[in-house]
Amino acid sequence: MFLKDFIENVARTLFSMECKINSKFRFTQSEINEIISNANEKNLKYFEKLAQIKELSAFDVSFLLSNVELDDNKIAILTHACKMYNEKEFNALGQTFSDFIFRVSANINLLNESNLDVFKELVQCKNELYDFTNALKNPIRAKSKKQSSKLAYAFQNVFVD
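Thresholds applied
Residues numbered from 1 in each chain as written. Predicted model: local features only at pLDDT ≥ 70, side-chain atom pairs only at ≥ 80, totals over all residues. Heavy atoms only, no water. pLDDT = per-residue confidence, 0-100. Helix = DSSP H or I, 4+ residues; strand = E, 2+ residues; numbered from the N terminus. Contact = heavy atoms within 4.5 Å. Salt bridge = Lys/Arg side-chain N within 4 Å of Asp/Glu carboxyl O. Buried < 20%, exposed > 50% of the residue type's maximum accessible area, 1.4 Å probe, protein only. Patch = residues over 30% accessible without salt bridge, like charges linked within 9 Å, V, L, I, M, F, W, Y side chains within 5 Å. Areas by Shrake-Rupley, 256 points an atom, 1.4 Å probe, with all protein chains shown as cover. Polar contact = N/O pair within 3.5 Å; in protein donor to acceptor, adjacent residues only side chain to side chain. Lys, Arg positive; Asp, Glu negative; His and termini not counted.

Draft legend 1. Examining the confidence of the model for the chain more closely. Put simply, the chain has an average pLDDT of 76, and 68% of its residues get 70 or more. Here helix 10 (residues 139–146) is the element of the chain with the lowest mean pLDDT, 53, and helix 4 (residues 58–67) is the one with the highest, 92. For residues 17–21, every residue scores under 50 in pLDDT, and the model assigns this stretch 0 contacts once sequence neighbours within four places are set aside. Segment residues 151–155 is flagged for pLDDT under 50; beyond a separation of four residues in sequence, or across chains, it makes 0 contacts in the model.

Draft legend 2. Layout of the pattern of salt bridges. A full pass over the atoms with the stated rule returns 2 salt bridges. In this structure, the salt-bridge partner of Asp72 is Lys49, at a minimum N-O distance of 2.9 Å. In this pair, Asp72 is assigned in helix 5 (residues 72–84) and Lys49 in helix 3 (residues 47–51), connecting sequence segments 23 residues apart. Between Arg103 and Asp99 there is a salt bridge, and its shortest N-O distance comes to 3.7 Å. With Arg103 and Asp99 both in helix 7 (residues 97–107) and 4 residues apart, this pair spans about one turn of that helix. With respect to burial, Arg103 and Asp99 carry one shared label: buried.

Draft legend 3. Seen up close, a nonpolar patch on the surface. Among the surface-exposed residues, Leu3, Phe6, Ile7 and Val10 lie close enough to one another that they form a single nonpolar patch of about 390 Å² accessible area. Mapped onto the elements, Phe6 comes out in helix 1 (residues 2–20).

Draft legend 4. Just the environment of Asn86, in detail. The residue Asn86 is located in the loop between helix 5 and helix 6 (87–92) in this model. Of the residues examined, Asn86 reaches a relative accessible area of 29% and is grouped as partly exposed. A polar contact is formed between the side chain of Asn86 and the backbone nitrogen of Lys88, at a distance of 3.2 Å.

Draft legend 5. Here's a closer look at the side chain of Lys74. Tracing the sequence through the fold places Lys74 in helix 5. Buried charged residue Lys74 carries no salt bridge. Nearest counter-charge: Asp71, at 4.7 Å. At a separation of 2.7 Å, a polar atom in the side chain of Lys74 contacts the main-chain carbonyl oxygen of Glu69. In contact with Lys74, other than residues within four places in its own chain, are Glu69, Ile108 and Asn109.

Structure follows, in structure tokens:
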């Protein structure tokens, strides 16, 4: 009887402790240790917010914490940008989600809610550019250039001998 009571007590205690464990993080302990060891000290307070964005991998979170100077506004922009990402659209162009995140982080100081649509269109272009400074400073002008239907030719004059 004493052994049975002891085992039940241990099982009950373990179950209650298991319920109290914080399991919000979807990363393994080794991933968390690596992320924290590479992160900028000022950005550590944003680790939990980034970890809650389900689209971000451990690599993406580590990159953002170590290479971008984060604040609450930038976290909101990252969250909105992650929601805008459509895997079918970008994978058809050969671009991964991590590539999209790298481009967002390269331009995050210029991004806001109003120019994220223009930014998405720029990223969807098949190019190797990561810095869209000129287009993001004046998004209306960049959009109007894209929608221009003026005909243009590669050669104006062709001379035949």
